[in-house]
Amino acid sequence: MPAIRNQIKELRALREMTQQELADRVGVTRQTVIAMEQDKYSPSLETAFKVAIVLGVPIEQCFQYAPRGKR
Amino acid sequence: MATGLSYREKSLYASLAAELIVYGPYFFLHRENSLNKVVGMIVGIIVLQVILQSVIAAVTRNRVTDERDRQIELRGYRAGYLMITSLMVIGLGLLWFHATAGNLHLDSRMVGLHFLSVFFGMLVIADITKTAAQIVSYRRGL
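Residues numbered from 1 in each chain as written. Chains lettered and ligands numbered in written order. Predicted model: local features only at pLDDT ≥ 70, side-chain atom pairs only at ≥ 80, totals over all residues.

A.B. asks: Any chance you could explain the environment of L20 of chain B here in plain terms?
C.D. replies: With respect to the helices, strands and loops of the structure, L20 of chain B is situated in helix α1 (residues 7-28). Along the chain, L20 of chain B and G141 of chain B lie 121 residues apart, while their C-alpha atoms are 24 Å from each other. (Helix = DSSP H or I, 4+ residues; strand = E, 2+ residues; numbered from the N terminus.)

And the structure:
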């Protein structure tokens, strides 16, 4: 499990955006969006910034660092 | 084609299927080695891969790959590399053991083909390991 948590699913739902729409705008596959939402993949810094920009929030509102054992 | 699998995943499943279809019978059913079988296997895997990959490319609209695909690809290559180096060490160790024990008859006419088959087998196992590691990474996450 990656040490980076995210609120992509909740923020995307608030904006009524589909996984495919987010994927297209960020430039990744829908499967990568799914993996990020399920905490199975920590994106690169560049992709994390793109996700935050597309969702219209500061990056720290979208992604949080959660060291293992401190959740 | 609306499935939960990305283009890369479909491609990997097709590769694994092709490898098992072609290499499986060769290594488990054929006892005798021959150059024709090795050449036939190489031609067979190339033809089958071209057909399967063409079909997948034709039926998949979104063929985008991204950073996660590249990371998983690297993980697969690492697993394949570890497998082939392990097999080489084991293979050379066995060769040394049999040579010192006097069980190795290098004057045999078939020894060249036998070595070709063994080393080709190592490559095949490493390739299957690479593909399987990539599929597992897609399913379990990085």
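A.B. asks: Would you explain helix α3 (residues 30-37) of chain A in this entry?
C.D. replies: Two residues of an α-helix separated by three or four positions point the same way, owing to the 3.6 residues in each turn. Among the residues of α3 of chain A, those classed as buried are Q31, T32, V33, A35 and M36 of chain A. Where α3 of chain A is buried, its residues touch β1 (4-6), α1 (8-14) and α2 (19-26) of chain A together with α3 (67-101) of chain B. Count one or two residues on from α3 of chain A and you reach D39 of chain A, which has phi positive near 55 degrees. (Buried ≥ 20, exposed ≤ 12 C-beta atoms within 10 Å, placed from the backbone. Contact = placed C-beta atoms within 7 Å.)

A.B. asks: What exactly am I supposed to notice about the confidence of the model for chain A here?
C.D. replies: Any region with low pLDDT has predicted coordinates that should not be read closely. With 92% of its residues at a pLDDT of at least 70, chain A reaches an overall mean of 91. Mean pLDDT values for the elements of chain A range from 91 in β1 of chain A up to 96 in helix α4 (residues 45-55) of chain A. (pLDDT = per-residue confidence, 0-100.)

A.B. asks: Even after reading the chapter, I still don't get the nonpolar core, so can you show me in this structure?
C.D. replies: A general tendency of soluble globular proteins is for nonpolar side chains to be buried together. Residue and element names in this part refer to chain A. Core analysis: the largest hydrophobic core is formed by 15 residues, its most contacted members being V26, V51 and C62. Elements with a contribution of two residues or more to this core: α2, α3 and α4. Broken down by element, the residue count for this core peaks at four residues, all from α4. (Core = buried A, V, L, I, M, F, W, Y, C linked by C-beta atoms within 7 Å.)

A.B. asks: Would you mind going over the interface of chain A and chain B with me for this structure?
C.D. replies: A common way to report how large an interface is uses the accessible area buried once the components associate. Of the residues lining the interface, 10 residues belong to chain A; the matching set on chain B comes to seven residues. For the side of chain A that touches chain B, the leading source of residues is α3 of chain A, giving three residues. The residue makeup of the side of chain A that touches chain B, split by class, is three nonpolar, six polar and one charged. (Nonpolar A, V, L, I, M, F, W, Y, C, P; charged D, E, K, R; others polar.)

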